[in-house]
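Descriptive structure summary
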Amino acid sequence: MADCIKRHYGESAVAYEDVLRGEPWPDGFWSSTNRNRRVTEILEYLFLDKLKIKKYEEAKCVLTADFINEYELSILVEMADRPPEMNDGEFFYLLWMIFPEERLTDDELIIKAYSEVLSGKRKTFPRGYFLKNGEVEHRAVVCFKYLCEEVLCLDREGICKTFCNSYAIKVLSKYKLKMLVDMVYESLFHLVLAAYPDYAGELENYRLDKRRSENKEAK
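Parameters and conventions
- Residue indices begin from 1 for each chain and proceed along its sequence in written order.
- Reporting in this predicted model follows two pLDDT cut-offs: at least 70 for local features of residues, and 80 or more for side-chain atom pairs to be given and counted; totals over whole chains, interfaces and linings ignore these cut-offs and use all residues.
- Only hydrogens and water are set aside; all other atoms, that is, all heavy atoms of the structure, feed into the side-chain values.
- A helix here means a DSSP run of H or I that spans at least four residues, while a strand means a run of E at least two residues long, and both kinds are numbered starting from the N terminus.
- Here's how the labels work: a residue is buried when its accessible area is under 20% of the maximum for its type, exposed when over 50%, partly exposed in between, all with a 1.4 Å probe on protein chains only.
- Any two residues whose heavy atoms approach within 4.5 Å at even a single point are treated as in contact.
- Helix axes use the C-alpha atoms of the stretch in contact, all axes being lines fitted to C-alpha atoms, and the angles between their N-to-C directions lie in the range 0 to 180 degrees.
- Working rule for angles: under 35 degrees goes down as roughly parallel, over 145 as roughly antiparallel, 65 to 115 as roughly perpendicular, anything else as oblique.
- Note on convention: the crossing is left-handed when the near helix lies turned anticlockwise from the far helix by less than a right angle, right-handed when the turn is clockwise.
- Classes in brief: Ala, Val, Leu, Ile, Met, Phe, Trp, Tyr, Cys and Pro nonpolar; Asp, Glu, Lys and Arg charged; the others, Gly included, polar.
- Stacked, tilted and edge-to-face are the three classes applied to pairs of Phe, Tyr and Trp rings, where Trp contributes its six-membered ring and a pair requires centres within 6.5 Å; stacked means planes under 30 degrees apart, edge-to-face means over 60, and tilted covers the rest.
- Look at NZ for Lys and CZ for Arg. If either is within 6 Å of the ring centre and within 35 degrees of the ring normal, a charge sits over the ring.
- Buried Ala, Val, Leu, Ile, Met, Phe, Trp, Tyr and Cys residues that are joined via side-chain atoms within 4.5 Å together make up what is termed a nonpolar core.

With respect to the element layout, Arg139 can be found in helix H8 (residues 136-151). Since its relative accessible area comes to 9%, Arg139 is described here as buried. Residue contacts for Arg139: discarding those within four places in its chain leaves Pro84, Glu85, Ile110, Tyr129, Phe130 and Asn133.

In structure tokens, the structure reads:
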């Protein structure tokens with residue numbers, strides 16, 4: 001039996017069967033060099049062979065906290081690469097190891113986090129989400145474009161007009177994105193230009209028109 005399991009799913013699955021029978025994980029089993037391979041082998045064995053679950057949606061439905069405890073998967077939750085956008089109690093990212101075609105793209109994960117902030121499902125973005133790192137500007141742009149195009153349903157002209165006015169900061173604040181000009185970009189102009197670089201001409205024209213209007217009002 002063990003040889004059959006090893007032949008089809010690797011030695012990780014054999015060790016996992018021992019754990020299910022009460023044995024501890026072998027010393028050095030979860031080294032950083034083979035961690036992802038072991039997680040994949042164990043999940044493939046559990047879902048595809050032991051439980052005969054071969055569809056992603058079915059696997060997603062059963063992958064609850066109780067299931068994690070029942071099948072000794074807590075260490076897999078700890079060892080697997082967890083996207084920061086996952087909430088506590090969300091384990092379906094584990095299934096991407098065996099159903100890679102179901103993996104959410106980086107942009108989809110960013111929009112997941114932002115839409116959950118908007119809906120109140122989560123209080124705020126993950127800790128450090130917009131601190132300076134290699135991904136922060138991309139995250140900011142994806143969230144801002146989602147606000148403009150999907151939430152506010154603005155066209156090109158609407159985006160330029162809305163975010164070249166002083167009340168635009170209030171718009172960002174209302175839709176939980178004020179930190180983008182507090183932490184990521186120097187100004188609204190830089191934020192809009194980063195998201196829509198081909199709008200540069202219109203943005204500058206709207207800025208000039210706004211200044212002329214303010215000057216007239218001042219006189």
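The next point concerns the side chain of Ser12. Relative to the helices and strands, Ser12 resides in helix H2 (residues 11-20). The residues touching Ser12, leaving out its near neighbours within four places in the chain, are Phe29, Arg37, Arg38, Glu41 and Ile42.

Bringing the packing of helix H7 (residues 106-119) against H8 into the picture now. Contact geometry of H7 with H8 gives a least axis separation of 10 Å together with a crossing angle of 60°. In terms of their interaxial angle, H7 and H8 are classed as oblique. Crossing angle aside, the handedness with which H7 passes H8 is right-handed. Contacts from Asp107, Ile110, Ile111, Tyr114, Ser115 and Leu118 of H7 reach H8 at His138, Arg139, Val142, Cys143, Tyr146, Leu147 and Val151. Here the residues of the contact of H7 with H8 sort into nine nonpolar, two polar and two charged.

A word on the packing of aromatic side chains. Summed over the entire model, instances satisfying the criterion amount to 17 aromatic pairs. Where Phe92 meets Trp96, the ring centres are 5.8 Å apart and the plane angle is 65°; that geometry is what we call edge-to-face. Note on Trp96: relative accessible area 2%, which makes it buried. For the pair Tyr129 and Phe130, a centre-to-centre distance of 5.3 Å together with 85° between the ring planes defines the contact as edge-to-face. With respect to burial, Tyr129 and Phe130 carry one shared label: buried. Ring pairing ties together the aromatic residues Tyr16, Trp25, Phe29, Trp30 and Tyr45, which thus form one cluster. Against the face of Phe92 rests Lys60, its NZ or CZ located 4.5 Å from the ring centre. Residue placement shows Arg139 over the ring face of Tyr129; its charged tip is 4.1 Å from the ring centre.

In terms of nonpolar packing, the biggest core is built from 37 residues, with Trp25, Trp30, Phe47, Leu63, Leu73, Leu76 and Leu94 touching the most fellow members. Elements represented by at least two residues in this core include exactly H2, helix H3 (35-50), helix H4 (56-62), helix H5 (65-70) and helix H6 (74-79). For this core, the element with the highest residue contribution is H3, accounting for six residues. In this structure, Leu73 is in contact with Tyr16, Leu46, Leu63, Phe67 and Ile68, ignoring residues within four places of it in sequence.

With that settled, consider unusual backbone geometry. For Glu72, which is not glycine, the phi dihedral falls at a positive 55°. For Glu72, the position within the fold is in the loop between H5 and H6. With phi around 55°, Cys153 is a residue other than glycine that occupies positive phi space. With respect to the helices, strands and loops of the structure, Cys153 is situated in the loop between H8 and helix H9 (156-162).

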